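Observations on the three-dimensional arrangement
Listed below are the residues making up each chain.
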Amino acid sequence: MSSDLDVFVGNTTLIDEEVYRLWLDGHSVAEAVARRLRGGVLEREATSVTVLQSDTRDHYRTFQMLERLLHAPPRLLQQLLFQIPPERQALLIQRYYAFDEALARELLGKKLSKGTKKELDEVSARTGVGIRSCRRQFDNFKRVFKAVEELRGPLAENIQQLFLLPPSLARDYAAIVFFANSRFETGKRRLQFLSFADFAACAQSMMGHWSQGALGEPRDSPTPEAAEPDGDLPKSFLQDLKELKVLVTDKDLLDQHKSLVCSALRGKISVYNELETNFKALSRALVNVGGKLTHARDVRDFFVDLVEKVIEPCRSDKWSPGDLRLFLTHYTAAPRNLPGFRHQALWERYMAAISACLLRMYHD
């Protein structure tokens, strides 16, 4: 940057990462110039305020022209107007679709609609994320959701392919789509200790164990589940979960299950007495959460139920995370040795996701 230069002509589009960040954060040109001044750019570049203002406006014009291409990232790679090296293209895309976890946490489970968008002023005030940035991020969530909601196959892979995102970011968007599909309740006070990362990890576990792809149904199968995207939980699987209630409705099976688990954990966990006393209530809670998932209202309360009926009682009895891990391991494995229990594969698939969710959620 030089005050002696009025015009520069070249065939490579220059991207200033600092200015790009300021643009993404929703700052105006004047605000961006002020921030650059406070950062000492004049001293570093030996330039003037006038040139700095001109440079910032030029970058902003470039970003605004690029934005329509960033809405469909493959178009950015295919266009010829802007000569941008591949590594810079990847940076533009990744940073455009990066999001503030505080904002994602506020919107998680809500319908990505005009009504929700109207609430962004309040969300911006609560999270400290600028309103322009909130709107851009919300539009990104909605754009990704619309692009993949009807696609079959793994959500994260579809998102990665369509939007050219790195795997970790694609998985986070998959979690947002998954929550928007099922409309899980995340806003209640007893869930406020859970972060976006906690919910995203739970979503990945549920999709990994319960989705149509995870169930091993061939993609070209004529069954209704084969047509369901992996962001939707297969109806037949959720219906089958009712069969697991036999573990708590059959008194003999319940008593045998308790005996097997308690025998395996005696002397190995610090809350053995509490486990022995509360095993039946805890088992009913774990089984019944799945047995109710055929009803939309109960799907919404999935995480509320896990916290209210499992996590809070365990906290009250002072279970450690290690105690919970050991319990869930033996609790899941024990039915293999229960005569007459015929749903072991279904049970283990169900408990794999439940256990992963509980262990992720079990913190202060």
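Treat the numbers as computed from the prediction; the structure is a model and nothing was measured.

Conventions adopted
Residues numbered from 1 in each chain as written. Predicted model: local features only at pLDDT ≥ 70, side-chain atom pairs only at ≥ 80, totals over all residues. Heavy atoms only, no water. Domains from an automatic or database assignment. Contact = heavy atoms within 4.5 Å. Buried area = accessible area lost by both parts, 1.4 Å probe. Phe/Tyr/Trp six-rings, centres within 6.5 Å; stacked < 30°, edge-to-face > 60°. Helix = DSSP H or I, 4+ residues; strand = E, 2+ residues; numbered from the N terminus. Buried < 20%, exposed > 50% of the residue type's maximum accessible area, 1.4 Å probe, protein only. Lys NZ or Arg CZ within 6 Å of the ring centre and 35° of its normal. 1 Å grid on protein atoms, 1.4 Å probe; cavity = no way out; pocket = protein on both sides within 12 Å on 5 of 7 lines; lining within 4 Å. Points joined across faces, edges and corners; volume = space filled by probe spheres on them. Salt bridge = Lys/Arg side-chain N within 4 Å of Asp/Glu carboxyl O. Nonpolar A, V, L, I, M, F, W, Y, C, P; charged D, E, K, R; others polar.

1. Details of the domain arrangement of the protein
Assigned domains within the protein: domain 1 (17-76), domain 2 (101-213) and domain 3 (235-361). If you average the C-alpha positions of domain 2 and of domain 3, the two centres end up 28 Å apart. On the domain 3 side, the residues contacting the 20 residues of domain 2 number 21 residues. When the two sides are added together, the surface that domain 2 and domain 3 hide from each other amounts to roughly 1900 Å², 70% of it contributed by carbon and sulfur. Of all residues in domain 2, the largest losses of buried area upon contact with domain 3 belong to Arg190, His209 and Trp210, amounting jointly to 34% of the total for that side.

2. What to know about the packing of aromatic side chains
Here the distance between the centres and the angle between the planes together describe a pair of aromatic rings. Overall, the coordinates contain 29 aromatic pairs when judged by the stated rule. For the ring pair Phe184 and Phe303, a centre distance of 5.3 Å and an interplane angle of 80 degrees mean the geometry is edge-to-face. Taken as a pair, Phe184 in the loop between helix 12 (167-182) and helix 13 (196-210) and Phe303 in helix 19 (residues 302-316) lie far apart in primary sequence, 119 residues in all. The exposure classification of Phe184 matches that of Phe303, with both residues buried. We note Arg136 situated over the ring of Tyr96; from NZ or CZ to the ring centre the distance is 5.4 Å. One Lys or Arg, Arg315, reaches over the ring of Phe193 and ends 4.4 Å from the middle of that ring.

3. Quick notes on empty space enclosed by the protein
This model, assessed by the stated rule, comprises one cavity of 30 Å³ or more. Here the largest cavity defines a volume of roughly 50 Å³. What lines the largest cavity is simply Ala104, Leu107, Leu108, Gly109, Lys110, Leu112, Phe141, Ile176 and Ala180.

4. Examining the pattern of salt bridges
Tallying each qualifying case throughout the model produces 20 salt bridges. The residue Lys110 makes a salt bridge to Glu119 at a minimum N-O spacing of 3.5 Å. Judged by relative accessible area, Lys110 falls into the partly exposed class, the value being 28%. Here the salt bridges share partners, and the residues they tie into one network are Lys292, Asp298, Asp305 and Lys309.

5. So, the side chain of Ser211
Secondary-structure assignment places Ser211 in the loop between helix 13 and helix 14 (235-240). On the basis of relative accessibility, which here comes to 2%, the residue Ser211 falls in the buried class.

6. Points about the layout of surface pockets
Within this model, the second largest pocket holds a volume of roughly 310 Å³. Along the walls of the second largest pocket sit Asn181, Ser182, Asp232, Leu233, Lys235, Leu238, Leu293, Thr294, His295, Ala296, Val299 and Arg300, which together make up its complete lining. Contributions of two or more residues to the lining of the second largest pocket are made by helix 12, helix 14 and helix 18 (296-300). Looking at the lining of the second largest pocket element by element, the count peaks at three residues for helix 18. Split into classes, the residues belonging to the lining of the second largest pocket amount to five nonpolar, four polar and three charged.

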